[in-house]
Amino acid sequence: MNTNEQTSAGNRPAHSSMTTLCYIEKDNKYLMLHRTKKEGDINRDKWIGVGGHFLENETPDECLLREVLEETGLTLTDYRIRGLITFISNEWQTEYMFLCTADGFTGTMIECDEGDLVWVEKSRLDELNLWEGDRIFLEMLETREDFFTLKLRYEGDTLVEAVM
C-alpha cells in the first residue's frame, strides 16, 4: 500500500493504486522479502513476496517482470496470475493487487534495497511476521488451482474483513 498520494482533506488518499506481488517457488520454498530497509514502509518488518506498483501504461505482466527483475535480479520464464486482491483500509488508499506465482526463472539473485531476500520453506510461513490477509491468500495459493478474487479490509494493521 502506498501513502504518497493524499488529499488535502487529511489522511484519505486521492485514488486507488495497482500493484503486483509474486511468490517465486523453488524446492517447496517461496522467495520471501523481509522488508527492513525502506523508510516509512507500510510493510516494515513484514515478510512478503516481491513486486510493486505499476508504472504508467504498464500491463500486469510488464509490471511483474520489471519489479521482480529490479528487486531480485531474476528474470521470470514461467509465471501465472493467480488472483486479484483488493485491499481496503481506513488509513491508506485502496489497492488492487495482481497475485502471481512463478516457478521458472533465470539469472543471479542480487541484494534488494527494500530488505532481505530469503528462500523460506512453505511449511514455515506461519512462523513469519505476515499480514493476516497474506496468510489467507497464501493458503489459497496452496489449495486452489483456479483464479480467485479476495477483498481484505483493514482498520490500521488489523484485518477486520475478508470476503471471497
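Residues numbered from 1 in each chain as written. Predicted model: local features only at pLDDT ≥ 70, side-chain atom pairs only at ≥ 80, totals over all residues. Heavy atoms only, no water.

Student: Hey, could you run me through the pairing of strand β6 (residues 95-107) in this one?
Tutor: On a regular strand, one side chain projects to one face of the sheet and the next to the other, so that they alternate. As defined by bridge partners, strand β1 (residues 17-26) adjoins β6 across eight bridges and the pair is classed as parallel. Directly across from Y23, in β6, lies its bridge partner T101. Sheet analysis places strand β5 (residues 74-89) next to β6, joined by twelve bridges and oriented antiparallel. Bridge pairing in β6 links L74 to G107. (Pairing = 2+ DSSP bridges. Helix = DSSP H or I, 4+ residues; strand = E, 2+ residues; numbered from the N terminus.)

Student: How do you make sense of the side chain of N43 when you look at a structure like this?
Tutor: You can see N43 is positioned in the loop between β2 (29-35) and β3 (47-48). Reaching out from N43, the side chain makes a polar contact with the side chain of W131 at a distance of 2.7 Å. Ignoring sequence-local partners within four residues, the contact set of N43 consists of R35, I48 and W131. (Polar contact = N/O pair within 3.5 Å; in protein donor to acceptor, adjacent residues only side chain to side chain. Contact = heavy atoms within 4.5 Å.)

Student: Is there a simple way to explain the environment of K151 in this structure?
Tutor: With respect to the element layout, K151 can be found in strand β8 (residues 148-155). The spacing of K151 and G133 is 18 residues in sequence and 9.0 Å in space, taken between C-alpha atoms. Those residues within four positions of K151 in sequence are excluded, and the remaining contacts are T86, I88, E161, A162 and V163.

Student: Hey, could you run me through the state of the cysteines in this one?
Tutor: Here a disulfide denotes one covalent bond, and it connects the sulfur atoms of two cysteines. Summed over the entire model, instances satisfying the criterion amount to zero disulfides. Counting only cysteine sulfurs, C100 is the nearest neighbor of C63, a cysteine outside any disulfide, at a range of 8.9 Å. C112 takes part in no disulfide bond, and the closest cysteine sulfur to it belongs to C22, at a distance of 14 Å. Judged by its relative accessible area of 2%, C112 falls in the buried class. (Disulfide = S-S within 2.5 Å. Buried < 20%, exposed > 50% of the residue type's maximum accessible area, 1.4 Å probe, protein only.)

Student: How should I be thinking about the pattern of salt bridges in this particular structure?
Tutor: Pairs may arise between side chains of opposite charge once their charged atoms sit close together. With the rule as written, the count across this model stands at 17 salt bridges. Here R35 makes a salt bridge to D41, at a shortest N to O gap of 2.8 Å. Residue E155 pairs with R153 through a salt bridge whose shortest N-O separation is 3.3 Å. Each of R35, K38, D41 and E114 takes part in a single network of salt bridges with overlapping partners. (Salt bridge = Lys/Arg side-chain N within 4 Å of Asp/Glu carboxyl O.)

Student: Teacher, can you tell me more about the side chain of K122 here?
Tutor: Position of K122 relative to the elements: it lies in the loop between β7 (115-121) and α2 (132-143). Here K122 falls in the buried class, since its relative accessible area comes to 17%. Among the polar contacts listed, one links the side chain of K122 to the side chain of E25, at a separation of 2.5 Å. Those residues in contact with K122 that sit more than four places away from it in its chain are E25, N28, K29, Y30 and E142.

Student: Mind showing me how you'd approach helix α1 (residues 60-72) here?
Tutor: In an α-helix, one full turn covers 3.6 residues, which means residues spaced three or four apart are oriented alike. Taking 1.5 Å as the rise per residue, α1 with 13 residues should run 18 Å; its terminal C-alpha atoms sit 18 Å apart, in good agreement. Regarding α1, the residues found buried are C63, L64, R66, E67, V68, E71 and T72. Looking at the buried residues of α1, the elements they touch are β1, β2, β4 (50-53), β5, β6 and β7. Phi for G73, located one or two positions after α1, is positive at around 85 degrees. (Expected span 1.5 Å × (residues − 1).)

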